[in-house]
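Coordinates in review
This is what each chain is made of:
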Amino acid sequence: MKFLKRFFDGLQRDLRLFLFVLILLEIYRAAFIFLMSDYMDEGSGFSQILTALWAGLRLSLKTAGAVTLFSFVFVTLLGFSSLLRLEVGILASLIFSTLFMARFPYYREFNSTFGLEVLNGLHENVFDIISTVLLDYGLIWRFPVAIILTVVCIAILSRLLNIKTFPMPYIYGTLEKVVFVVPLVVALIVFGVFVRFGGSFSFSGGINWENAGITDDNFLNECILDDGQAMYRVWSISKLTDIGEIDGVDKKSIVTQARFLADDKSIDDDMIDPFLERKAKGARIDTPRHIFIIIGENWMQWPMLGKYYNLHISDGIKSIIAEPNAYYSRNFMPNGDFTYAAVTGFVTGLSDVKINVNYQPKTYSEIYLTSPAPQLKELGYQVDFWYGGNPSWENISKMTRAQGFDNFYGYPNLNAPKQTVWGAKDEDLFNAIKNHLAEEPPTVHFILTTSNHPPYNLDLEKEGYDLDATLAEIKKLPKVDDAERLAVELGHYWYMDKVTTKFIREVSAAYPDSLFVVTGDHAVRTDPSTRPTIFEHQSVPFVMYGKGIKPDILPPDVVGGHTSIVPTIIELIAPEGFIYYSVAPSLFSSTNVAFNNHAFVTRTIAGEIDSDAVEILPHVASAALNQIDMTAERESAEQVIKAMRTVSWWLITQTLQMVPLFLQ
């Protein structure tokens with residue numbers, strides 16, 4: 001009887017804790033929607049907001065239930081001190097209040113709530129991460145606000161839990177006890193199932209993070225996920241990735257997918273090598289002495305598009321493109337949303353499949369078949385990697401050397417001061433490279449810059465940046481969330497553009513037989529508005545410059561990505577018949593599809609991989625609009641994505657390169 005009384009009392013208090021957490025999450029959801037409303041589509045009305053709030057409330061049943069379950073098991077069932085229930089509520093309040101405050105800068109950075117970027121941060125240097133969030137993301141004031149919110153929550157919750165509960169009815173005998181307990185247990189089970197499935201009694205009828213995007217507004221769809229569910233999404237995707245369950249990877253059709261990528265579709269082999277073997281058609285330009293592949297940090301393409309010319313932050317690279325020995329394509333995609341995905345793509349030649357290749361044991365025990373460094377060395381080049389940051393970042397020094405690079409140069413080798421926690425200024429990086437050139441043999445230089453990255457602390461005025469002029473132009477753009485912040489971020493882009501252009505011109509003058517390739521590691525971070533297009537949010541430029549390069553050396557706006565750059569260089573300079581291996585073909589044989597982990601582009605459209613969203617590219621001629629078959633374009637993209645991801649996954653995860661015949 002004593003247990004029943006405690007159980008009945010505990011259930012009521014657990015229900016209060018449950019409702020407290022549920023309402024807290026809904027308040028934070030509504031507050032975020034209100035404070036970030038500029039990120040909503042113009043067509044999203046009050047009904048869409050209500051839909052998001054209702055779906056979010058149902059989804060948060062799961063989060064509130066998970067928090068309450070701990071209290072129910074240890075306090076109500078096992079009889080631990082009731083103080084533990086309050087402590088659970090306090091911890092939940094602190095976590096959700098902190099995540100609520102962190103969600104604002106995170107969304108502005110990535111145009112989504114918490115995603116896999118969270119896990120990527122775990123591999124970073126702890127001091128670097130803390131410095132960045134303190135200086136650039138406002139943790140220094142956001143966390144105290146979260147503490148204040150938590151204190152308010154504690155005051156409300158402690159009072160709520162101390163309100164007297166309804167007493168249990170007096171039970172006279174065994175039959176009365178059964179009549180009381182059985183319905184109570186049944187009701188508890190039914191309630192648990194209802195909560196577990198997000199306001200339903202089945203998975204298909206409930207709300208889950210997988211199917212929560214029920215509105216037509218991407219922002220509202222992200223708001224449906226409370227921060228607990230967003231973190232659960234991160235964990236779930238990570239676990240699926242760890243066991244090889246990756247979108248676009250078809251493990252059972254490795255031969256079919258490899259054959260799709262092969263130049264010779266008639267190949268029938270039990271090894272994967274022949275499917276990825278390519279033969280150069282013959283040199284198209286004179287052999288360069290030095291080749292520079294410049295991977296600009298956050299070198300998004302949208303500032304180079306016509307509608308943003310008045311910002312004048314990409315004038316340097318545009319002046320390069322305007323010369324007769326340059327080629328530029330707008331239809332270009334990075335290997336992923338993050339810098340590490342770009343780096344691993346360049347170092348291994350593999351498409352991103354949401355596996356951290358830089359932490360795979362295989363990366364350090366054998367060289368991937370498609371890795372560029374050994375193949376470029378066969379053409380007579382030394383292959384070096386230059387990075388303005390720490391060699392330990394994402395195992396970059398260790399990984400490049402393991403994959404055949406001759407040398408790695410990081411911040412410690414530059415003899416320059418540190419500009420931020422991430423490394424030295426781009427100008428110091430380029431100066432260090434220039435000082436090496438006179439003594440070096442023919443070399444391919446992979447160069448990763450750092451300055452266009454938070455914390456944005458360059459002395460822009462000293463560098464010559466007109467902040468006020470840029471700010472005035474930004475204020476003419478529609479739907480800009482924080483014009484002052486955007487102006488500062490674009491100032492760092494302007495600086496990167498300026499010093500990169502200066503480097504290209506100075507080295508070209510000293511070594512006229514050089515070849516330069518310029519692209520960006522990713523575009524996701526700085527957007528022109530709260531509602532960027534898919535193309536603006538994701539695309540990066542592709543520029544080739546040097547002796548023998550012409551504007552028509554490739555088709556106009558050829559479609560490609562990071563992993564097609566080295567094959568293209570090989571096709572530019574290698575003798576006829578030179579054999580090399582790559583997942584992606586060169587841009588001379590483009591599949592007309594390029595993609596990363598979230599989006600794709602074709603000749604005419606950009607689209608999201610995990611949704612039906614598509615859009616016409618801004619530079620497609622109006623006369624061609626009626627001829628675009630979006631369904632066919634998407635189907636073509638999906639086939640290429642499946643093939644390249646499946647083969648990349650195979651090369652990353654399989655110890656041997658043999659293709660088991662039973663998988664055919």
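To be clear, the structure that these remarks concern was listed above.
Note that the structure is predicted; figures quoted are calculated from it, not measured. (Residues numbered from 1 in each chain as written. Predicted model: local features only at pLDDT ≥ 70, side-chain atom pairs only at ≥ 80, totals over all residues. Heavy atoms only, no water.)

**Remarks on the overall build of the protein chain**
Secondary structure assignment for the protein chain yields 23 helices and 15 strands. Here the C-alpha coordinates of the protein chain stretch approximately 100 × 65 × 55 Å along the principal axes. The burial tally for the protein chain puts 57% of its 664 residues in the buried class. Restricting the contact set of the protein chain to residue pairs at least 6 apart, pairs at least 24 apart contribute 77%. A total of about 27900 Å² of accessible surface is found on the protein chain, and carbon and sulfur atoms cover 60% of it. A gap of 7 Å separates the mean positions of the 54 positive and 74 negative side-chain charges of the protein chain. (Helix = DSSP H or I, 4+ residues; strand = E, 2+ residues; numbered from the N terminus. Buried < 20%, exposed > 50% of the residue type's maximum accessible area, 1.4 Å probe, protein only. Contact = heavy atoms within 4.5 Å. Areas by Shrake-Rupley, 256 points an atom, 1.4 Å probe, with all protein chains shown as cover. Lys, Arg positive; Asp, Glu negative; His and termini not counted. Charge placed at Lys NZ, Arg CZ, Asp CG, Glu CD.)

**Some details on unusual backbone geometry**
Excluding glycine, most residues fall at negative phi; most peptide bonds, likewise, are trans. Each neighbour pair has its own omega, and for P454 with P455 the value is -5 degrees, a cis peptide bond. Locating P455 in the fold gives a position in the loop between β7 (443-448) and α18 (460-463). In this model, N415 sits at a positive phi of 55 degrees, which is unusual for a non-glycine residue. As for its placement among the helices and strands, N415 is situated in the loop between β6 (407-409) and α17 (426-437). The exposure class of N415 is exposed, given its relative accessible area of 76%. If you check the backbone angles, D557 has positive phi at about 50 degrees while not being a glycine. Looking at the element boundaries, D557 is found in the loop between β9 (542-546) and β10 (560-561). A relative accessible area of 16% means that D557 is categorised as buried.

**Observations regarding the pattern of salt bridges**
Evaluation of the coordinates by the stated rule reveals 26 salt bridges. One salt bridge in this structure joins E536 and K307, with 3.7 Å as the shortest N-O distance. Of the two residues, E536 sits in helix α21 (residues 534-538) while K307 sits in the loop between β2 (290-296) and α12 (315-321), which places them 229 residues apart along the sequence. With relative accessibility at 6%, the residue E536 sits in the buried group. (Salt bridge = Lys/Arg side-chain N within 4 Å of Asp/Glu carboxyl O.)

**Notes on helix α3 (residues 83-110)**
Compared with an ideal rise of 1.5 Å per residue, which puts 28 residues at 40 Å, α3 spans 39 Å between its outermost C-alpha atoms and is within 8% of the ideal. Maximum bend of α3: about 35 degrees, positioned at R103, with proline P105 one to four residues after it. Just beyond α3, the residue with positive phi is N111, at close to 55 degrees. (Expected span 1.5 Å × (residues − 1). Bend = angle between axes of the 7 residues up to and from the residue.)

**A few points about the nonpolar core**
Core analysis: the largest hydrophobic core is formed by 144 residues, its most contacted members being F385, F446 and F503. The biggest single contributor to this core is helix α20 (residues 483-510), with 12 residues. Apart from the residues lying within four places of it in its own chain, the contact partners of F385 are V343, V347, I396, T400, F405, N407, F408, Y409, F446 and L448. (Core = buried A, V, L, I, M, F, W, Y, C linked by side-chain atoms within 4.5 Å.)

**Looking at the sheet that holds β9**
Ordered in space as β3-β9-β8-β2-β7-β5-β6, the 7 strands form an open sheet in which the pairing is mixed. One side of each edge strand has no neighbouring strand; the edge strands of this open sheet are β3 (326-329) and β6. Between one strand axis and the next, the sheet turns through 15 degrees on average, direction left out of account. In the sheet, strand β5 (residues 382-387) pairs with β6 via 3 bridges, with the strands oriented parallel. Its bridge partner being in β6, W386 is matched across the sheet by Y409. In the packing of α17 onto the sheet, the strands contacted are β2, β5, β6 and β7, and the crossing angle to β7 comes to about 170 degrees. Contacts from α20 reach β2, β7, β8 (515-520) and β9, with the element oriented near 175 degrees to β2. (Pairing = 2+ DSSP bridges. Axes fitted to C-alpha atoms, helices over the stretch in contact; angles between N-to-C directions.)

**Observations concerning empty space enclosed by the protein**
Counted by the stated rule, this structure contains 6 cavities of 30 Å³ or more. As a volume, the largest cavity reaches approximately 150 Å³. What lines the largest cavity is a set of 20 residues, among which G561, T563, S564, V593 and M644 lie closest to the centre. Of all elements in the fold, only β10 and β12 (594-595) reach the threshold of two or more residues within the lining of the largest cavity. The residue inventory of the lining of the largest cavity, partitioned by class, reads 10 nonpolar, 10 polar and no charged. Estimates place the volume of the second largest cavity at around 120 Å³. Along the walls of the second largest cavity sit 14 residues, with Y39, R108, R485, D527 and S529 positioned nearest its centre. (1 Å grid on protein atoms, 1.4 Å probe; cavity = no way out; pocket = protein on both sides within 12 Å on 5 of 7 lines; lining within 4 Å. Points joined across faces, edges and corners; volume = space filled by probe spheres on them. Nonpolar A, V, L, I, M, F, W, Y, C, P; charged D, E, K, R; others polar.)

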